[in-house]
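In case you want the letters, here they are:
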Amino acid sequence: MEDLFGDSIPHDETTDPSTFADVILPVPIPRMFTYRVPRSMEKSIGIGHRVIVQFGRKKVLTGVIGKVHQKPPKDYQTKAILEVLDDQPVVNPLQIKFWFWMAEYYCCQIGEVMNAALPSGLKLSSESKVQLNPKFDPETSEFPIDDREQIILDALEKNAELTYEDCGKLLGIKSSYLIIKSLVIKEAVLVYEQVKEKYVPKVENRIKLKAPYATSKKALEALFEKLSKSTKQEEILLKYLQEVPVFHSPEKNEKGLEKKVITDAGLSPSSLKTLIKKEILEEFKVIVSRFDDLPTDDREIHLADFQQEGLSSIKEQFGQKQTVLLHGITGSGKTEIYIHLIREVLDSGSQVLLLLPEIALTTQIVGRLQKVFGSEMGIYHSKHSDNERVEVWQGVLSGRFSFVVGVRSAIFLPFDSLGMIIIDEEHEPSYKQFDPAPRFQARDAAIMLSWLHQSKTLLGSATPSYESFYNARTQKYGYVHLNKRFGEAQLPEFHIADILVDKKKNLLKLDFTRIMREKIQEALDRQEQILIFQNRRGYAPYMSCEECGWIPDCEHCDVNLTYHQYSEEMRCHYCGFKEKVPRACPACGSHKLTTVGIGTERLEESLSLLFPEARIGRMDLDTTRSKYAYQRIFDEFSSGNLDILVGTQMITKGLDFDRVTVVGIVDADRILYFPDFRSGERAFQQITQVAGRAGRRNRRGNVIVQTRRPDNVVFEKVIQGNYPEFYLTEMAERKRFFYPPFVKNIKITARHKESKIAEKASRHLTNLLKEIAIKKIILGPERALIGKIKNQYLFDIYVKLDKAGNTPAIFKHEMGKIIFDLNTQKEFKSVRFVVDVDPY
DNA sequence: AGCACGCCGACT
DNA sequence: GTCGGCGTGCTC
């Protein structure tokens, strides 16, 4: 054991154990830490248990045991594990394996993976607390106490404990460390670490009717007689009896009634208290689940012939392949197929994980699955609170949830016998985590996880990622194509509207071309609905001076500030910097400041001017921040209370609106001309996806795409629905210029607050990487697309690796050593090298 | 990543 | 003279 300030107390021979545990700690250091396992704990620990250990001088951390062994480390003293938190492991050995794979593959630290994997409710951290030393007597103390120390002691008379921060505040200084240290030496106070478990079970306050009244009708009648004067108490009892049939089913009385039901009905809480005091009602608490049991709908989901064929084909291919790509066009009913597969796997006793992109998770598909799988299904979502996440985690551990629908991070749940992982909308970029580390691609990681479980992976998409389609074509994956639609739904009619032509002819009004306006009007006249897609939220991207062209940019980053109308502010989306809109241009003094570009907020306004009679709604990150906002807007639109819905990505995911006949893409160029090798692939995917929202039943829909470059081939291919041909043209390019999937990409960003140092470090690294003796291409270093973020300068290096064999693994290993070496050189000590494997 | 230690400038 | 700035080294 060590005391607070790090002085080692010699080992006690009698407790010196021979068991050690390697603990994974949430720190970015590339190794585990070996702790001694006290004899008393030897029986209660194992891989996957959470433990509390002291790390460094005083901090205590929660870690997860990754390994238990008998080998005492020779070059350092071990500390003992302070506490074991769980009777049963919260993480299983398979997960530990998975974490290590992820750390290695994505070039990050095991602690970073653990941090991403555990819901924060399972992580604990400590806080230093100060309390009075009971042995301390100011009268007899031999040490003088100064004014500031006295302030702390006085405060501790009133409060049993204070944090370091509290002490700092009391004294009006930032760090109270030295003063507290002095008080500790003077034996006036004690300092200890308090660890708090963050997860709190949900407790419900319930009431039930007490014995004589609940069992004997006579007693109850007598009671009412007695209470006839106090109407309020009578009302409460009547309400209770109405909710709980006490004599009919005594077991319901045992379960009681939620106290809230009474108070919510507007009945007096004080009268309720009186009834409890009189021992007529009894109050008690129970721990309840945050997830309600939902009724299921047992009706068989019938598959159309072509779906049945698809299903059999998937199962057949799983015979030979671990992974199958289900390429099913919009409306082909992939969900029904998933449901059948999930049911089968669950019936065989294995677990199932269904991944969905973030935005799709709030939609109908979840409700539909819930109807089928009821309380067998867990939902793991970012809009869930920490406590809810912990409950899903525990639900998987306990076996309550054998099926989970979740976002990217759901791959970390403690499954022990997965039978299948389904990744819907497999091509979605949101499966890739950018920041912070681990920068993993959940689809790829899921395939690895699946392999560890010896289970199957099904990738579903209407427009597969080129990586997956390539793997299917090269026989690495199985492939099933569904190219029929449910019912008689027809492909929509496309109109490619040339923005520049309309502008010349003065037909472009408030960003809408003539054809777009006409089609909207026609739909409004027929009382049909319209979706307007623009992948940019806010009012307008930025402001500009009409006179001199001045554009406001961020002081700390290399980006323009984004204009937000509602707050009359300009904000930086990278560092959060914000500024009021200036009255005049700071460069030339002109008052002609205008907004440039189109955001959803501005479109909403334009539409209300163009179609004053229409009811218009907006769905984007800004309008759906709260937990149920999405559902509200969604319900309004689907019930027909809105005619036009303007939105970002969100409106394209998993929504089925029968009455939508017109879909407008305001600015296709924004998708098309993004400087990235994937822009073509993305444009095809996004336009197809948006178009798929139009006219899904019997009416043929209209899709209007506004662009300045109507001749781009992508439009032709989207209209034909010719995915394979567009794929082939794009792939020819990728092969020629060495892009994935023909090579493996790694991006390394050097970050430093001085541009010169960041650049020099990145150039150094580039040269050293070039010396690694394997087939590769190294590009850069070059200033990053956004060259400065939060006052840190960024330089990028792109590595293209031959995918053959284990060359990528060798390269990553060598690179790791090189970066480590560079970081030990004084010049580059403070340069951060951020490695992104398979970047987006 | 934190966090403590050490050495330097600008204040009572 | 002290406070607190941040550069540096370490964590089983």
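Cut-offs and rules
Residues numbered from 1 in each chain as written. Chains lettered and ligands numbered in written order. Predicted model: local features only at pLDDT ≥ 70, side-chain atom pairs only at ≥ 80, totals over all residues. Heavy atoms only, no water. UniProt positions renumbered as here; feature names shortened; annotations may be inferred. Helix = DSSP H or I, 4+ residues; strand = E, 2+ residues; numbered from the N terminus. Buried < 20%, exposed > 50% of the residue type's maximum accessible area, 1.4 Å probe, protein only. Contact = heavy atoms within 4.5 Å. Areas by Shrake-Rupley, 256 points an atom, 1.4 Å probe, with all protein chains shown as cover. Lys, Arg positive; Asp, Glu negative; His and termini not counted. Charge placed at Lys NZ, Arg CZ, Asp CG, Glu CD. Core = buried A, V, L, I, M, F, W, Y, C linked by side-chain atoms within 4.5 Å. Expected span 1.5 Å × (residues − 1). 1 Å grid on protein atoms, 1.4 Å probe; cavity = no way out; pocket = protein on both sides within 12 Å on 5 of 7 lines; lining within 4 Å. Points joined across faces, edges and corners; volume = space filled by probe spheres on them. Nonpolar A, V, L, I, M, F, W, Y, C, P; charged D, E, K, R; others polar. Pairing = 2+ DSSP bridges. Axes fitted to C-alpha atoms, helices over the stretch in contact; angles between N-to-C directions. Patch = residues over 30% accessible without salt bridge, like charges linked within 9 Å, V, L, I, M, F, W, Y side chains within 5 Å. Salt bridge = Lys/Arg side-chain N within 4 Å of Asp/Glu carboxyl O. Phe/Tyr/Trp six-rings, centres within 6.5 Å; stacked < 30°, edge-to-face > 60°.

Naming follows an unreviewed UniProt entry, where chain A appears as Replication restart protein PriA of Echinicola soli. Here is the UniProt Function (unreviewed entry) comment for chain A, exactly as written: "Initiates the restart of stalled replication forks, which reloads the replicative helicase on sites other than the origin of replication. Recognizes and binds to abandoned replication forks and remodels them to uncover a helicase loading site. Promotes assembly of the primosome at these replication forks."

Asker: Outline the overall build of chain A, listing residues and values.
Answerer: A tally of helices and strands in chain A yields 27 helices and 33 strands. Overall, chain A is about 95 × 85 × 70 Å in size when its C-alpha atoms are taken along their principal axes. Burial analysis of chain A (840 residues in total) assigns 52% to the buried set. Long-range contacts, defined as pairs at least 24 residues apart, comprise 74% of the intrachain contacts of chain A with a sequence gap of at least 6. Accessible surface for chain A amounts to roughly 40,600 Å². Of this, 51% is attributable to carbon and sulfur atoms. Taking the 119 positively charged and 114 negatively charged side chains of chain A as two groups, their mean positions are separated by 2 Å.

Asker: Quick rundown of unusual backbone geometry? Include the residues and the values.
Answerer: Following D435, the chain continues to P436 via a peptide bond in cis, the omega torsion being -5°. Tracing the backbone shows P436 in the loop between β16 (418–424) and α16 (442–452). P438 follows A437 through a cis peptide bond whose omega is 0°. In this fold, P438 is placed in the loop between β16 and α16. Non-glycine residue C107 carries a positive phi angle of around 50°. Here C107 falls in the partly exposed class, since its relative accessible area comes to 24%.

Asker: Give a description of the nonpolar core that names residues and reports values.
Answerer: Counting residues in hydrophobic clusters, the biggest one holds 109 residues, and the most contacted among them are F98, W99, M102, I411, I748 and L769. Apart from the residues lying within four places of it in its own chain, the contact partners of I411 are F98, M102, L353, L355, F440, A442, A445, A446 and L449. Ranked by size, the runner-up nonpolar core spans 32 residues in total, among them I314, L326, L354 and L482.

Asker: Tell me about the side chain of N253, residues and numbers included.
Answerer: Relative to the assigned elements, N253 resides in helix α9 (residues 250–255). Note on N253: relative accessible area 3%, which makes it buried. Filtering out sequence-adjacent residues up to four positions away, N253 remains in contact with K208, L209, A214, Y240, V244 and V246.

Asker: Could you give me a rundown of helix α13 (residues 334–347), with the residues and numbers involved?
Answerer: If you check α13, its first and last C-alpha atoms are 20 Å apart, about what 14 residues at 1.5 Å a residue would give, namely 20 Å. In terms of residue burial, α13 counts as a mostly covered element, since 11 of its 14 residues are buried. Those residues of α13 that sit buried are K334, T335, E336, I337, Y338, I339, H340, L341, I342, V345 and L346. G349 lies just past α13 and shows a positive phi near 95°.

Asker: Tell me about empty space enclosed by the protein, and name the residues and values.
Answerer: Tallied over the entire structure, the rule returns five cavities of 30 Å³ or more. Looking at the lining of the largest cavity element by element, the count peaks at five residues for helix α23 (residues 679–691). By residue class, the composition of the lining of the largest cavity is three nonpolar, six polar and three charged. Lining of the second largest cavity is provided by H427, P429, R443, S465, E467, R678, E681, R682, Q685 and Y840. Take the lining of the second largest cavity: its biggest share by element is three residues, from α23.

Asker: So what about the sheet that holds strand β26 (residues 616–619)? Which residues, and what values?
Answerer: With parallel pairing, six strands are arranged side by side in an open sheet as β19-β29-β28-β20-β27-β26. Only two strands of the sheet have a single neighbouring strand rather than two, namely β19 (493–498) and β26. Here the strands of the sheet are splayed against their neighbours by 20° on average, with no regard to which way each runs. Lying over the sheet, α23 contacts β19, β20 (529–533), β28 (660–665) and β29 (702–707), oriented at roughly 155° with respect to β28. In the packing of helix α24 (residues 713–720) onto the sheet, the strands contacted are β19 and β29, and the crossing angle to β19 comes to about 165°.

Asker: Just give me the short version of the UniProt feature "binding site: Zn(2+) 1" (unreviewed entry) in chain A, but keep the residues and values in it.
Answerer: Per the UniProt annotation, the sites labelled "binding site: Zn(2+) 1" (unreviewed entry) are C545, C548, C585 and C588. Sequence-wise these annotated residues cover 44 residues; spatially they are packed, their C-alpha atoms never more than 8.6 Å apart. Following the sequence through the fold, C545 ends up in strand β21 (residues 542–545). Look at C545 and you get buried, because its relative accessible area is 2%. Among residues more than four places away in sequence, those in contact with C545 are W550, C585, C588, S590, K592 and L593.

Asker: So what's going on with a nonpolar patch on the surface? Which residues, and what values?
Answerer: Residues F738, I777 and L779 make up a contiguous nonpolar surface patch of about 240 Å² in total accessible area. For I777, the location among the structural elements is in strand β31 (residues 776–789).

Asker: Quick one: what's the story with the pattern of salt bridges, residue by residue and with numbers?
Answerer: What the rule picks out here adds up to 36 salt bridges. The salt bridge partner of R206 is E204, with a shortest N-O separation of 2.3 Å. Across the pair, exposure class does not vary: R206 and E204 are buried alike. Note that D836 is salt-bridged to K432, the shortest N-O span being 2.6 Å. In this pair, D836 sits in strand β33 (residues 832–837) while K432 sits in the loop between β16 and α16, placing the two residues 404 residues apart along the sequence. Three or more residues joined by partner-sharing salt bridges are found here, namely R343, D347 and E376.

Asker: Describe the packing of aromatic side chains, naming the residues involved and giving the relevant values.
Answerer: Under the definition given, this model contains 18 aromatic pairs. Ring plane angle 75° and centroid distance 5.7 Å describe the contact between F469 and Y479, whose orientation is recorded as edge-to-face. Residue F469 is found in helix α17 (residues 466–473), and its partner Y479 is found in strand β18 (residues 478–482); the two are separated by 10 residues along the sequence. Exposure remark for F469: the relative accessible area of 5% places this residue in the buried category.

Asker: Give a description of the sheet that holds strand β24 (residues 578–580) that names residues and reports values.
Answerer: An order of β22-β23-β24 is seen for the three strands of this open sheet, with the pairing classed as antiparallel. Each edge of the sheet is formed by a strand with only one pairing partner; in this case those strands are β22 (562–564) and β24. Strand-to-strand, the axes of this sheet are offset by a mean angle of 30°, without reference to chain direction.

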